Amino acid sequence: MKKAIFRDLLIFVLALIVAVQFWENNLLLTFLILSIYGIREYFWSEKGDNIVFVSGVIIGCSAEFIGTYLGVWTYAAAFFFNIPLWLPFAWGLVSVIIIRVSRPFVGE
């Protein structure tokens, strides 16, 4: 259990480092975020991960669209609907990581 938490936190750190390094290149960063999720999913998949990922994409995108539309925040490298192309997939990845890291603490 501790090993899985540590692994998912390392995946989060990797995704964060990749985002900081490549935020200006929407296509490359999108590919890298999806690759990180794909590798994580291939080796350490659990039931429901893809549902959580898609839910994170939809809910995260909705919040981003609303926030940028209302002018609450902006992105320097916006690609479509005022958000970067990679951002919805980052929301999905982080949603899965949050669920996976929190499960042991809520008794699942």
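Note that the structure is a prediction, hence the values are computed from the model and not measured. (Residues numbered from 1 in each chain as written. Predicted model: local features only at pLDDT ≥ 70, side-chain atom pairs only at ≥ 80, totals over all residues. Heavy atoms only, no water.)

S.K.: I'm lost on the packing of helix α1 (residues 2–22) against helix α4 (residues 87–106) in this one. Help?
M.R.: Two quantities define a packed helix pair, namely the angle between the axes and the distance from one axis to the other. For the pair α1 and α4, interaxial distance at closest approach is 10 Å and the crossing angle is 155 degrees. The angle between α1 and α4 falls in the class roughly antiparallel. With respect to the hand of their crossing, α1 and α4 are arranged in left-handed fashion. Here α1 contributes Ile5, Arg7, Asp8, Leu9, Ile11, Phe12 and Ala15 to the contact with α4, which in turn contributes Leu93, Val94, Ile97, Arg100, Val101, Pro104 and Phe105. The residue makeup of the contact of α1 with α4, split by class, is eleven nonpolar, no polar and three charged. (Axes fitted to C-alpha atoms, helices over the stretch in contact; angles between N-to-C directions. Helix = DSSP H or I, 4+ residues; strand = E, 2+ residues; numbered from the N terminus. Parallel < 35°, antiparallel > 145°, perpendicular 65-115°, else oblique. Left-handed = near helix turned anticlockwise from the far one by under 90°. Contact = heavy atoms within 4.5 Å. Nonpolar A, V, L, I, M, F, W, Y, C, P; charged D, E, K, R; others polar.)

S.K.: Looking at this structure, how should I read the UniProt feature "transmembrane region" (unreviewed entry) in the protein chain?
M.R.: UniProt marks residues 9–39, 51–72 and 79–99 with the feature "transmembrane region" (unreviewed entry), using the numbering shown here. Along residues 9–39, the helical share is 90% and the strand share 0%, with 15 Å between the first and last C-alpha atoms. As a span, residues 79–99 carries 62% helix and 0% strand, and end to end its C-alpha atoms are 28 Å apart. (UniProt positions renumbered as here; feature names shortened; annotations may be inferred.)

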